[in-house]
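Structure at a glance
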Amino acid sequence: MAEVETPKITSFLYCDVCTLPVEYCEFSGTLKKCKAWLKSTHEDVYQKLYSDSDLASETNKNLNVAEEPIEGEESTKLTKEERRFEREEAKRMSSKVYIKTIERTKRKRVTTVQGLDAFNIETKKAAKMLANKFATGASVTKTADKKDEIVIQGDLGYDIFDYIAEKFKEIPEDNIVVVEDTKSKRK
Amino acid sequence: MFKRFNSKEDFKGTTPIKSSIQRGIKSKLVETFPKLEHVIDELIPKKSQLTQIKCEERIFLYALNGEVILFQHFDGPVVPSLRLIHKCPDGFPQVRVDRGAIKFVLSGANIMIPGLTSAGGNLPEDIGKDKYVIIMAEGKGAPAAIGLTQMTAKEMIETNKGIGIENVHHLGDNLWKTILD
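Now for a description of the structure that goes with this document. Since this is a predicted model, take the numbers as computed values, not measurements. (Residues numbered from 1 in each chain as written. Chains lettered and ligands numbered in written order. Predicted model: local features only at pLDDT ≥ 70, side-chain atom pairs only at ≥ 80, totals over all residues. Heavy atoms only, no water.)

Secondary structure summary: chain A contains seven helices and five strands in total. Reading chain A from its N terminus to its C terminus gives the helix and strand order α-α-α-α-α-β-β-α-β-β-α-β. Scored against the burial criterion, the 187 residues of chain A give a buried share of 32%. Sequence separation of at least 24 residues holds for 50% of the intrachain contacts in chain A that already meet a minimum separation of 6. For chain A, the computed accessible surface area is about 12900 Å², with 51% contributed by carbon and sulfur atoms. (Helix = DSSP H or I, 4+ residues; strand = E, 2+ residues; numbered from the N terminus. Buried < 20%, exposed > 50% of the residue type's maximum accessible area, 1.4 Å probe, protein only. Contact = heavy atoms within 4.5 Å. Areas by Shrake-Rupley, 256 points an atom, 1.4 Å probe, with all protein chains shown as cover.)

If you want it as structure tokens, here you go:
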């Protein structure tokens, strides 16, 4: 090796959907969304990658890898990743956000919001927004089962319900549960 | 290595590093990967400020411009992350696995020797033991992972069985997904 070539600096196009280089989208489990994104943003790369079906089918001959099959089989053959994705979506649909009021010293109460992280919401940011909106303190703590919980000072109950439903449109209203605290009905 | 890895909240501390240490890291990198010699200053400019992030289990990350480019376990060697490797794949020793193995590599599995010695794979003969190599995939231009060889290339070809390369960091693992503010 007399001549050492200076290696070139390269960069790869990364898919926005799965964060991998676009040629690896087929392994991401979100191939359909990846393809849709690629087609709308980089049509030329899309053509190169996905219209080249001859190359793909040739290398696939002796392998068990579940590459994207032809249109007819697509609907019946869900890959393992896609099934897992659907399971997670279903879990997300059934997971709820709990709003509870808890008593502290004397006549002070706090409101807790649990279950926001199931919807991929950054709890710290949400806590800050809630604190700003209601002009009180808010903090994030971890509950026993490692879930995040936002603790807001004051008894806010349904105000929080409205706020979350409005601000975080990803959460359908049915999934937000306000747990009634019997003690607070003392008044 | 990054299976039970972190989200941003697991970072214990972030510090900028002194330029003398930064130079040390760069020269160690060039020592391990000689082909990087001429490009290292483009990849990690001299005036730039690397930040060191302490994580659990004595793992240190080194970041530049919000991207983690290097990592280190204990006092072990400083290993480039895939973000850095993607900028210059030719600077590192490469092996290639065949198509069937790609799926497993991307979920963190170690690389078995038959994947390297089969038709779709490639294994240069001069690769030694306990060396960091990047794993390319058959038919793809971007490296898929970086791993540590478990035996020399010649031994791998002879036995043709078992684990050839330990998968240290791969595309889509938690380190890859870590984006810093």
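Before going further, it helps to spend a moment on the sheet that holds strand E5 (residues 176–179) of chain A. Residue and element names in this part refer to chain A. Here we have five strands laid out as an open sheet, ordered E3-E4-E2-E1-E5, and mixed in their pairing. Strands with a single pairing partner mark the edges of an open sheet, and in this sheet they are strand E3 (138–142) and E5. Along the sheet, successive strands turn relative to each other by an average axial angle of 25°, direction set aside. As judged from the four bridges shared by strand E1 (residues 97–103) and E5, these two strands associate in the parallel manner. Within the sheet, the bridge partner assigned to Ile99 lies in E5 and is Val178. (Pairing = 2+ DSSP bridges. Axes fitted to C-alpha atoms, helices over the stretch in contact; angles between N-to-C directions.)

Before going further, it helps to spend a moment on the packing of aromatic side chains. For the structure shown, the criterion picks out five aromatic pairs over all chains. Between the aromatic rings of Phe33(B) and Phe92(B), the centroid separation amounts to 4.8 Å while the plane-to-plane angle is 70°, which identifies the pairing as edge-to-face. In this pair, Phe33(B) sits in the loop between helix H1 (19–32) and helix H2 (40–43) while Phe92(B) sits in the loop between helix H3 (82–85) and strand E6 (94–97), placing the two residues 59 residues apart along the sequence. The pair formed by Phe33(B) and Phe92(B) is uniform in burial state, with each residue classed as buried. Positioned above the aromatic ring of Tyr14(A) is the side chain of Arg83(B), whose terminal nitrogen or guanidinium carbon lies 6.0 Å from the ring centre. (Phe/Tyr/Trp six-rings, centres within 6.5 Å; stacked < 30°, edge-to-face > 60°. Lys NZ or Arg CZ within 6 Å of the ring centre and 35° of its normal.)

Attention now goes to unusual backbone geometry. Of all residues except glycine, most have a negative phi; of all peptide bonds, most are trans. In this structure, Thr19(A) is a non-glycine residue whose phi angle is positive, near 65°. Within the element layout of this structure, Thr19(A) appears in the segment before helix H1 (31–41). Accessibility expressed as a relative area gives 33% for Thr19(A), which makes it partly exposed. Its identity as a non-glycine residue notwithstanding, Asp130(B) has a phi of 55°, on the positive side. Along the chain, Asp130(B) turns up in the loop between helix H5 (113–117) and strand E8 (132–137).

All quantities given are derived from atomic positions and should not be read as evidence of function.
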